[in-house]
Amino acid sequence: MNVLAGAALNVGPTGSINIGTNNLANAGTVTLAAGGSITDDLINSGVANNAGTLTGPVNNFGMFNNNVGGTVSGLLTNNSGTTTNTGALNGGAVVNGGLLMVDGTAAAVTVNPGGTLAGHGIVGNTTINGGVLSPGNSIGLLSVQGNLVFTAAASYLVEVSPSNADRTNVTGTATLGGATVNAAFGAGTYVARQYTILNAGGGVSGTFAGPVNTNLPANFKPSLSYDANNAYLNLTLNFIPPPSGGLNQNQQNVANAIVGFFNSNGAIPLVFGGLTPAGLTQASGEVATGSQQTTFDAMNLFLGLLTDPFIAGRADTLSAGASLGASTYTSQDKPRSDAARDAYAAIYRKAPVIADPFTQRWSVWSAGYGGSQTTDGNAALGSNSTTSRIAGGVVGADYRFSAFTLAGFALAGGGTNFSVSNGLGSGRSDLFQAGAFIRHNVGPAYLSAALAYAWQDITTDRTVTVAGIDQLRTQFNANAWSGRLEGGYRFVSPWMGIGVTPYVAGQFTTFDLPAYAEQAVIGANTFALAYGSKSVTASRSELGLRTDKSFVVQDGIFTLRGRAAWAHDFNTDRAVGATFQTLPGASFVVNGAAQSHDAALVTASAEMKWLNGWSAATTFEGEFSSLTTSYAGKGVVRYAW
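In the nomenclature of an unreviewed UniProt entry, the protein corresponds to Outer membrane autotransporter barrel from the organism Bradyrhizobium japonicum.

This is how it looks when you write it as structure tokens:
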């Protein structure tokens, strides 16, 4: 009996077909309702739906649905196409090709090359003879009531979710036979260290072949392990270095934190395990280190203004408006030459007589300062070049307690910004500074000291493009304290009467960083970091020479000054501790661009002091080392009375 393509045969609840020794060949559609029966061999190349009773073998080349309540008493042979069984295959099944999905029950099943057995139902003794066993529909459990045998040419396909994996439970024995395991992991999910993929109550014999084939990133290495009754799929995480060499230190620190979390917790979001070396660098959050060096630079500039002898009157034993005859820019303890006396006499004849020098105790001043610094990164450390810029304005007042002792204070306001190269982020801050100083002269020698405080409102931004675009931002307040002590001795060289002052100085800045955390402004917080609090102290020593040369001009003195010095920084560590917010406990240290321990300092300054108490100065400063290039400038206006 033939059902042609496009034709249909429907057998109702009380219907029955018995063809005898002939076959029912279907190329169209056959539907057997519950209660109906067909006693015949069914050869199906079309669509056959059974909810009744089929007595006889079934050869399927198309789509055969043995629905709930449907039974097949003969052997089902699936040659191609798909058989979906939610009923009962009492005669067992052979899968020569295509798919047999068992969500109901089936007697003994043999799967030959080209065939696949899947589903979460119950089957009898099962042999995977070169075919594929894929338990579950997506993630699921297939039960074998009997024994399970794999041959070496067979494959075992398991799908893995964040919390589970396909598994086969066998009531008898499981012979693994060197079959191949293929694991398919759901994209964007968690992965665990170990999954049970097979359990056999009667024991496991043999092993699967290795290696395991997965769709995981290359950083994951799958393996198999066994005990008496189980087979396990195991994962280890180890980040693969680039072909050019190993991971740098920052990348390795991030990798170690991720691997440590995976090993400790047994699971991790797949996106972390897929990080490339470039992804590890993005995830490190190096921009958080930028505020440290920027703060140290800002405090250096401010301390320089507080203690700067180049500011009008600081180096004098008398104030800026004092008698020109008391200037330290003339020869110490030496009579003036006739030319010098004539020059000063000319000024006095052209200018009104000023008050007694020491009655002018107060002076006020205002200054603007700014600078930029670039520090090169370190390839082995993994730090990237950092650039910072600083600008601010200062107002201050000085008071002369005696002809030899001067003290003062200053307030400053400004801003900073910094950035890390290769698109790793940027930051900015609003800055307030306050400080005080004292200077005491003993003949040609001097000693000065200063203390300063700074408060900042800091914001950082970085973008992570590992999985989409995530813009992460922090905002926090931080404090800094600085101090400087300097001493020197001035003498006048016989060559052109240039003043030369060898000096030595020590300085420190302590920067207190609070604990703070990033938030996602755009995208997700998958890679958002929480940074630990840290107090870092940068100390510096200086050894150098200051020079000055004054010229008498109309109504005042014009002075040129310079400095050349060697600076040694004792602590150039610019690291910060971070933890992934989505991986609690996954902490690491990220290193920022660090300065060289030794640097050359140069300064050039020009100052004009008028007899009426006003003065103005401009200064250029530079700092140069094998890693750092820094330029700064400041301008000062001062009035003394």
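Asks: Explain the overall build of the protein residue by residue, including any values.
Replies: From N to C terminus, the protein includes 5 helices and 52 strands. If you line up the protein on its principal axes, its C-alpha atoms span 145 × 45 × 35 Å. Looking at the protein as a whole, 50% of its 641 residues are labelled buried. Counting only carbon and sulfur atoms, one obtains 59% of the accessible surface of the protein, whose full area is about 25100 Å². Each charge class in the protein can be summarised by its mean position, and for the 28 positive and 32 negative side chains these summaries are 16 Å apart.

Asks: Now, about the packing of aromatic side chains: what can you tell me, with residues and values included?
Replies: For the structure on display, the rule yields 17 aromatic pairs. Between phenylalanine 150 and phenylalanine 208 the ring centres are 5.4 Å apart and the planes differ by 75°, which places this aromatic pair in the edge-to-face class. Of this pair, phenylalanine 150 sits in strand E23 (residues 148–150) while phenylalanine 208 is found in the loop between strand E30 (204–205) and strand E31 (209–214), placing the two residues 58 residues apart along the sequence. Neither residue differs from the other here; phenylalanine 150 and phenylalanine 208 are each classed as buried. The ring of tyrosine 446 carries arginine 439 above its face, with NZ or CZ at 4.1 Å from the centroid. The ring of phenylalanine 551 has lysine 549 sitting right over it, with the charged end atom 5.8 Å from the ring centre.

Asks: I'd love a proper account of empty space enclosed by the protein, names of residues and values included.
Replies: Taken as a whole, this structure holds 7 cavities of 30 Å³ or more when the rule is applied. Its volume calculated, the largest cavity comes out at about 420 Å³. Lining the largest cavity are 30 residues, and of these Asn300, Leu301, Arg540, Arg563 and Glu621 sit closest to its centre. Within the residue set of the lining of the largest cavity, elements represented by two or more residues are helix H4 (290–307), strand E35 (362–375), strand E36 (386–400), strand E40 (470–489), strand E46 (534–553), strand E50 (598–610), strand E51 (614–624) and strand E52 (628–640). If you tally residues by element for the lining of the largest cavity, the top one is H4, at 6 residues. Of the residues in the lining of the largest cavity, the class split is 8 nonpolar, 11 polar and 11 charged.

Asks: Let's hear about unusual backbone geometry: which residues, and what values?
Replies: Phi is positive for serine 138, close to 65°, though the residue is something other than glycine. In this fold, serine 138 is placed in the loop between strand E21 (132–135) and strand E22 (141–144). Not every positive phi belongs to a glycine, and methionine 496 is a case in point at roughly 65°. When you line up the elements, methionine 496 lands in the loop between strand E41 (491–492) and strand E42 (499–513).

What counts and how
- Residues numbered from 1 in each chain as written.
- Predicted model: local features only at pLDDT ≥ 70, side-chain atom pairs only at ≥ 80, totals over all residues.
- Heavy atoms only, no water.
- Helix = DSSP H or I, 4+ residues; strand = E, 2+ residues; numbered from the N terminus.
- Buried < 20%, exposed > 50% of the residue type's maximum accessible area, 1.4 Å probe, protein only.
- Areas by Shrake-Rupley, 256 points an atom, 1.4 Å probe, with all protein chains shown as cover.
- Lys, Arg positive; Asp, Glu negative; His and termini not counted.
- Charge placed at Lys NZ, Arg CZ, Asp CG, Glu CD.
- Phe/Tyr/Trp six-rings, centres within 6.5 Å; stacked < 30°, edge-to-face > 60°.
- Lys NZ or Arg CZ within 6 Å of the ring centre and 35° of its normal.
- 1 Å grid on protein atoms, 1.4 Å probe; cavity = no way out; pocket = protein on both sides within 12 Å on 5 of 7 lines; lining within 4 Å.
- Points joined across faces, edges and corners; volume = space filled by probe spheres on them.
- Nonpolar A, V, L, I, M, F, W, Y, C, P; charged D, E, K, R; others polar.

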